[in-house]
Amino acid sequence: MERLNNKIAVITGASSGIGEGIAETFANEGATVVINYLKSKDRAETVAEKIKQNGGQAIALQADMADENAIDALIKDVCDEFGCIDIWVNNAGADILTGTGAAAEIHEKLEHLIEVDLKGTINACWSVMPLMQKQGHGVIVNMSWDLSTHGFEGTNPQIFAASKAGVLGFTRSFAKTVGPEIRVNAVSPGWIATAFAEEHMQDEYYQARISEIPLGRFGKQDDVAAAVLFLASDESSYITGEAIKINGGLV
């Protein structure tokens, strides 16, 4: 039986990487998937088309998660199209490690992380809350980081941990506020074999990280998607305000 049959699910930042994996997993479990993107329209539409070719249902919709008005507009567009939102996954995140993001000054990086990862998550939760309360049900899954409360050396990890620890704290408080109609949880991935890990990490650094992980490997996007699916489904109907670490035992 499909675990998300007839559910409407919005996944932010779903044109690639972990978000793409979540979208495909949800579609395989019967959900109609809204693939949110910021700039990568072609990639988002490619993901949607792949899902449809595999028998699923998906559309791609643009919205900037750093813009509260854009979030509101995205919610309205989804409701106009489908009438409700059953599941919302706050996966979108600021890229401070590649391209222009990597070259930015540290305070600019911090501001970007706060605007997208922290405020974007908070604003999305606040904006979708009235709709889910009116429906009488809803599930939200937020994206944190396993090392946000444990710590990791470096300037980029400092600011990334600050934003993601904020997401974790907000998730737990928000869950206490919006129950019982809405369940709110988080996933906290560790080292995942994303494009950044495969293309930008030096082998020595990569092997050093693996040596710290009890399960002896980087996680896969499917590992994260499976945990998000669990939290989005009725299998976790008595779980709220929690965070699942997906890190091979690292923390």
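Preceding this section is the structure that the text describes.
An account of the accompanying structure is given in this report. (Residues numbered from 1 in each chain as written. Predicted model: local features only at pLDDT ≥ 70, side-chain atom pairs only at ≥ 80, totals over all residues. Heavy atoms only, no water.)

## Considerations on the pairing of strand β5 (residues 138-143)
The element β5 is largely enclosed, with a buried count of six among its six residues. Alternating positions in β5 separate into two faces, Gly138, Ile140 and Asn142 on one and Val139, Val141 and Met143 on the other, with burial throughout. Where strand β4 (residues 87-90) lies against β5, four bridges are found, and the strand directions are parallel. Within the sheet, the bridge partner assigned to valine 89 lies in β5 and is valine 141. Of the strand pairs in this sheet, β5 and strand β6 (residues 182-189) are connected by six bridges, and their pairing is parallel. Looking across to β6, one finds that methionine 143 is bridged to valine 187. Note that the unit made of β5, helix α6 (residues 155-178) and β6 has a crossover that is right-handed. (Buried < 20%, exposed > 50% of the residue type's maximum accessible area, 1.4 Å probe, protein only. Helix = DSSP H or I, 4+ residues; strand = E, 2+ residues; numbered from the N terminus. Pairing = 2+ DSSP bridges. Right-handed = clockwise from strand over helix to strand, strands pointing away.)

## Remarks on the pairing of strand β2 (residues 32-37)
For β2, the tally of buried residues reaches six of six residues, placing the bulk of the element in the interior. Looking at chain direction, strand β1 (residues 8-11) and β2 are connected through four bridges and run parallel. If you follow isoleucine 11 over to β2, its bridge partner there is isoleucine 35. In this fold, the crossover linking β1 to β2 by way of helix α1 (residues 17-28) has right-handed handedness. Sheet analysis places β2 next to strand β3 (residues 57-62), joined by six bridges and oriented parallel. Among the inter-strand pairings, valine 33 is bridged to a residue of β3, identified as alanine 58.

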